[in-house]
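Chain and residue survey
The lines below spell out each chain.
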Amino acid sequence: MSEKLLEINGLRIEYTSENGPAKAVNGITFSLDRGQSMGLVGETGAGKTTTALSILRLLPKYTAKVTGGEIRFDGRDVMSVSEAEMRAIRGGRAAMIFQDPMTSLDPVITVRDQIAEVLLLHREDLDRANVDAEVGRILEMVGIPAARMHEYPHQFSGGMKQRVMIAIAIACNPELLIADEPTTALDVTIQAQVLSMMRRLKRELHSALLLITHDLGVVASICDIIGIMYAGEIVEFGTLEDIFDPEKKHHPYTVGLFGSIPNLTMDAERLSPIPGLMPDPTDLPAGCSFGPRCPHYDPARCGSTDPVGSAGTPTEIPIARKGQHQIRCVLYADADL
Amino acid sequence: MFKYIIKRILIMIPMLLVVTFIVFSLISMSDVDPGRSKLGPEASQELVDELNHKYGMDQPFLIRYFKWVWGAIRLDFGDSWYYDHPVSVDIAARFPNTIKLTLLSIGIALIIGIPLGVLAAVKQYSWADRVFTTLSMLMAAIPTFCIATIGVLIFCWKLHWVPATGVVNGWKSWILPSLTLGISYSASFLRFTRSSVLDTIRQDYIRTVRSKGVRERTVIWGHSFRNSLLPLITITGMMLGGLLGGAVIMESVFVIPGLGTLVMNSINQYDMPMTMAAITMLAAMYMLIMLVVDILYAVVDPRIRARYTSFKKKKAPAKAEGGAA
Amino acid sequence: MKVKRRSSFLEAWIRLRKNKLAIVCLAVVCLLILIAVFADLITPYENAIANNSAAKFAKPSAEHWFGCDNLGRDMFARVIHGSRVSLLLGFGATAVATVAASLLGSAAAFIGGKFDTVVMRLADILSSIPPILLSLAIAAGFGRGLPQLVISIAIGSLPGYVRIVRSTVLGISGQEYIEAARSMGFGTGKIIVSEILPNALSTILVQATMMVSANILSGTMLSFLGLGVPVPRPEWGAIMSDGLDYIRYASHLVIFPTIFIAITALSINILGDGLRDAFDPRLKGKA
């Protein structure tokens, strides 16, 4: 067993769209050790969910295409394993929690059957006779009385549904748990409950966690390492300490993200949102993708903000590294961090 | 669940009353004098009046309707004006044929339409999808009686595979009428199944099921199709009316002694009790099938079922589902 | 308002023009209407009803293109003149249903209250009766013939039509210009006729176009069952059911009317689908 559970190298993913290929993920690289938890943070449309889906090969069949890079799960190339091997990984060794619990559970099948389905597929110690006890145990783990297993999703509240979703995901003790905005669709109080439960489960199960969110607070409470994603690229990567330390150097986008969060100790009178919008993925700028919104933008170094097509070849943005901390920005050299 | 079924059966009673009232009023609009038309122009007015009195035609419309309802409740539909024997004799002889034809056709339509519809959806954009959708568009657009006529021409008189008429030739004579009606309606089922499965297959919960490592066949049939059943059942209910019309046509094309041909004949013979009884039976059959459709709906959708299950018996739905599966 | 309405029709036409199959079908439908209108110029009506014992069951030939029937009547003439009744049934029933549904539906939506409830309950009851049973009952009560058939087809298509008009009008009557008209003291009837109906026109028209095909088919089906126009007037469904008795020896008696009905049904249905897609592109692909 290698120490590295998940390795992603230069991953590129495109969607076909009416306006030409939409570049959702543009060469991201990161790795995740066993038991480690990583947060992938960014705005809607940054390519976080696309990255997550590609790890389990769940991207839409006709519209999405991996155009470059590789994904290794426990040393094996996910792109090249057979469909049967992939099914053994999905739900068994790697499981996923989806964003919207309201629509992510099959409405016409009981909660018991939905959990039992994944158990019977991956757990050889279980058969139809003794699966009920295990379903009950898992439900209790996520804080749902086992007696409610025969109910249907519509009989549960949103928070309870997300607990069921989590129960399905942890049912087979996965080595990797991918959680795509697990608390976004929930009420704030429920969010806290679900988060603390996930923290507890992570400790108990020793799973690695890839948490996708736009909420820096969520990341701070649960993750060891963090990747900040913007327009399909990881613009800054580091440990929790690296990213949350205001004394350290940061990517302008990270600075902007923190500036958008209300902070009681801050002197500033108002929040400072990042101006502008994420670039159109069918029409990415030739230079730094964040260039058009960046306060430090310098055409000479950051490259053109014109679309790649009109400006020719895209400009390489250098990456500054120190330890685990990496920033993809022309402002810094390795020594600056 | 039981409560729901009882409720649905109870609703049928006023509905049947309204339908029979409308049909009874329409038929009573006829200005034909039944006594005169039966006895012919030479008969004396006295005899005609006597016969009309026997038929109850000298009474007001509403009285006649209530008398008819009172009889119908006791399953006494009166005597035929044309044959002078109880209407129930003909109804009993013909009803099974209509039921057989209708159910066979629905069965064939479902057996052909649903699997092909799912296949077309799963293999969207493939040649199979194109062939099936084009064929089903053609079949759905061409009226049933045209398809039936072409079928008779080819399979009965050119190839001599099956007999063209009647129930006298045993099971073989059912093949062509039920296949024609079934295939003609399978086209609509195919189209609806395809669009419905395409709709569910894009849902979030299907992605969840895939993320569990479920094999594709189970994803399609166990989850996507199961959810598609709801709109499909609704559509089935909506198509029943047309299917009933189709059955009447088939009886006419293949000379099957059923309720449809009985209505046609009795209209021609100004035989009001017979017409009323046959139309009422057709309407009752239609409502019964609609009832089955509604119950199926509740069986498949736990959300509908929950509305009719009392709060105490929370585990009852799971059992009901197991029993129906 | 007028400008916007015209442009939406124009847009629909532009979208429809891209749909080649629908345009072919539109041409076929126009041709059929021309045939029905100018039937007398193509072949005299006399040929369609004149018995000719010498030509009984004549096979198709140069003289009788589609052959002759059991009474020696020219099939070509019968099919050509039959198109008149078939199309008349379809368009007539649609016209009756459109007028009735527009008035009932908009009145129900606009007056609301008890009137609305009564109209909608009636529509529910009517739609719970299979159309074929209604047609049979109407034929039993009023006898058989063209007007009866038109009425029974129209009644069959009324419930759904009334509901659509009602919901469209409900959407429109919430608009401010209706409020304005009301505040200026216009009466209900005047508002319905001069403001609401013109604005609901595109919905009603698309609905009517699609209904024509369904109604032509219901018409031929009912005539096929023997509820249609009295003999010897030709009608496609009736010609077919007459020919069915002789299908063994003279298959041309059913083949030609079948081909005509099938082509008509097919082209009107495809045109209807094309029109719906053209008027509401979001529905495209939905069955």
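The rules behind the values
Residues numbered from 1 in each chain as written. Chains lettered and ligands numbered in written order. Predicted model: local features only at pLDDT ≥ 70, side-chain atom pairs only at ≥ 80, totals over all residues. Helix = DSSP H or I, 4+ residues; strand = E, 2+ residues; numbered from the N terminus. Buried ≥ 20, exposed ≤ 12 C-beta atoms within 10 Å, placed from the backbone. Contact = placed C-beta atoms within 7 Å. Nonpolar A, V, L, I, M, F, W, Y, C, P; charged D, E, K, R; others polar. Axes fitted to C-alpha atoms, helices over the stretch in contact; angles between N-to-C directions. Left-handed = near helix turned anticlockwise from the far one by under 90°. Pairing = 2+ DSSP bridges. pLDDT = per-residue confidence, 0-100. Parallel < 35°, antiparallel > 145°, perpendicular 65-115°, else oblique. Core = buried A, V, L, I, M, F, W, Y, C linked by C-beta atoms within 7 Å.

**Here's the deal with the overall build of chain A**
In terms of regular secondary structure, chain A is built from 11 helices and 12 strands. Considering only C-alpha atoms, chain A reaches an extent of 70 × 50 × 40 Å along its principal axes. Out of the 337 residues in chain A, the part that is buried amounts to 43%. Contacts in chain A between residues far apart in sequence, at least 24 positions, make up 64% of those at least 6 positions apart.

**With respect to the interface of chain A and chain B**
Chain A puts 26 residues into the contact, and the matching count from chain B is 21 residues. Where the side of chain A that touches chain B is concerned, the elements lending two or more residues are α2 (83-89), β6 (94-97) and α3 (111-122) of chain A. Residues of the side of chain A that touches chain B, tallied by class, amount to 13 nonpolar, 8 polar and 5 charged.

**Some thoughts on the interface of chain C and chain B**
At the interface, 34 residues of chain C touch 39 residues of chain B. For the side of chain C that touches chain B, the secondary-structure elements that each account for two or more residues are α7 (131-142), α10 (188-224), α11 (236-244) and α12 (252-279) of chain C. With 10 residues, the top contributor of residues to the side of chain C that touches chain B is α7 of chain C.

**Notes on the packing of helix α5 (residues 87-122) of chain B against helix α12 (residues 272-300) of chain B**
All names here are of chain B. Interhelical geometry of α5 versus α12 gives an angle of 35° and a closest axis separation of 10 Å. For the element pair α5 and α12, the recorded crossing hand is right-handed. Side by side, α5 and α12 meet where Val-87, Asp-90, Ile-91, Phe-95 and Ile-99 of the first sit next to Pro-273, Met-274, Ala-277, Ala-278, Met-281 and Met-285 of the second. When grouped by side-chain class, the residues that make up the contact of α5 with α12 number 10 nonpolar, no polar and 1 charged.

**Thoughts on the arrangement of the chains**
Most contacts, among the 2 pairs of chains that meet, fall between chains B and C. Taking C-alpha atoms as the reference, chain A and chain C come no closer than 16 Å and do not contact one another.

**Remarks on the sheet that holds strand β8 (residues 208-213) of chain A**
All names here are of chain A. An order of β6-β7-β8-β3-β9-β10-β12-β11 is seen for the 8 strands of this open sheet, with the pairing classed as mixed. Both edges of this open sheet fall to β6 and β11 (319-322), since each of them pairs with a single strand only. In this sheet, adjacent strand axes meet at a mean angle of 15° when their direction is disregarded. Against the sheet, helix α5 (residues 158-170) makes contact with β6 and β7 (176-180), and its axis sits at roughly 175° relative to β6, the strand it touches most.

**A word on the sheet that holds strand β2 (residues 22-33) of chain A**
Residues and elements named next belong to chain A. The antiparallel open sheet is built from 4 strands, whose spatial order is β2-β1-β4-β5. Strands at the two margins of the open sheet, each flanked by one partner only, are β2 and β5 (76-77). Bridge count between strand β1 (residues 4-15) and β2: 9 bridges; the pairing is antiparallel. Of the residues in β2, the one forming a bridge with Tyr-15 is Ala-22. Along the sheet face, helix α1 (residues 48-55) touches β1, β2 and β4 (64-73) and points at about 120° away from the line of β1.

**Topic: unusual backbone geometry**
Phi angles above zero are rare outside glycine, and Asp-74 of chain A is one such case at about 50°. Of note, Asp-74 of chain A is situated in the loop between β4 and β5. Note on Asp-74 of chain A: 17 C-beta atoms within 10 Å, which makes it partly exposed. Even without glycine at this site, Asp-84 of chain B takes up a positive phi of about 60°. Among the structural elements, Asp-84 of chain B can be located in the loop between α4 (61-73) and α5. On the basis of neighbour counts, which here come to 8 C-beta atoms within 10 Å, the residue Asp-84 of chain B falls in the exposed class.

**Quick look at the confidence of the model for chain B**
Residue and element names in this part refer to chain B. Here chain B averages 83 in pLDDT, while 93% of its residues score no lower than 70. The low-confidence segment residues 310-325 (pLDDT under 50) makes 12 contacts with residues lying over four places distant or belonging to another chain. Here the prediction assigns the complex a pTM of 0.80, and the interface score ipTM is 0.84.

**Overview of the environment of Gly-226 of chain C**
Following the sequence through the fold, Gly-226 of chain C ends up in the loop between α10 and α11. Once residues within four sequence positions are removed from consideration, Gly-226 of chain C is found in contact with Met-264 of chain B together with Ser-241 of chain C.

**Description of the packing of helix α5 (residues 75-111) of chain C against α12 of chain C**
All names here are of chain C. Close contact between α5 and α12 brings their axes to 10 Å; oriented N to C, the two are set at 30°. Here α5 lies roughly parallel to α12, going by the angle between them. Crossing geometry of α5 relative to α12 is assigned as right-handed. Residues Met-75, Val-79 and Gly-82 of α5 form the contact with α12, whose participating residues are His-252, Leu-253, Phe-256, Pro-257 and Phe-260.

**Section: the nonpolar core**
Ile-279 and Leu-282 of chain B together with Leu-133 and Ala-137 of chain C are the most contacted members of the largest nonpolar core, which has 153 residues in total. The dominant element in this core, judged by the number of residues it contributes, is α5 of chain C, at 16 residues. Non-local contacts of Leu-282 of chain B, meaning those with residues more than four positions away in its chain, are made with Leu-244 and Leu-259 of chain B together with Leu-133 of chain C. One finds Ile-115, Val-118, Val-142 and Met-229 of chain A within the second-largest nonpolar core, a separate group that totals 90 residues.

**What to know about the environment of Ser-221 of chain A**
Residue and element names in this part refer to chain A. Tracing the backbone shows Ser-221 in helix α7 (residues 216-222). Judged by the 16 C-beta atoms lying within 10 Å of it, Ser-221 falls in the partly exposed class. Residues Ser-221 and Thr-282 lie 61 residues apart in sequence; the distance between their C-alpha atoms is 35 Å. Excluding residues that lie within four positions of it along the chain, Ser-221 makes contacts with Leu-195 and Arg-199.

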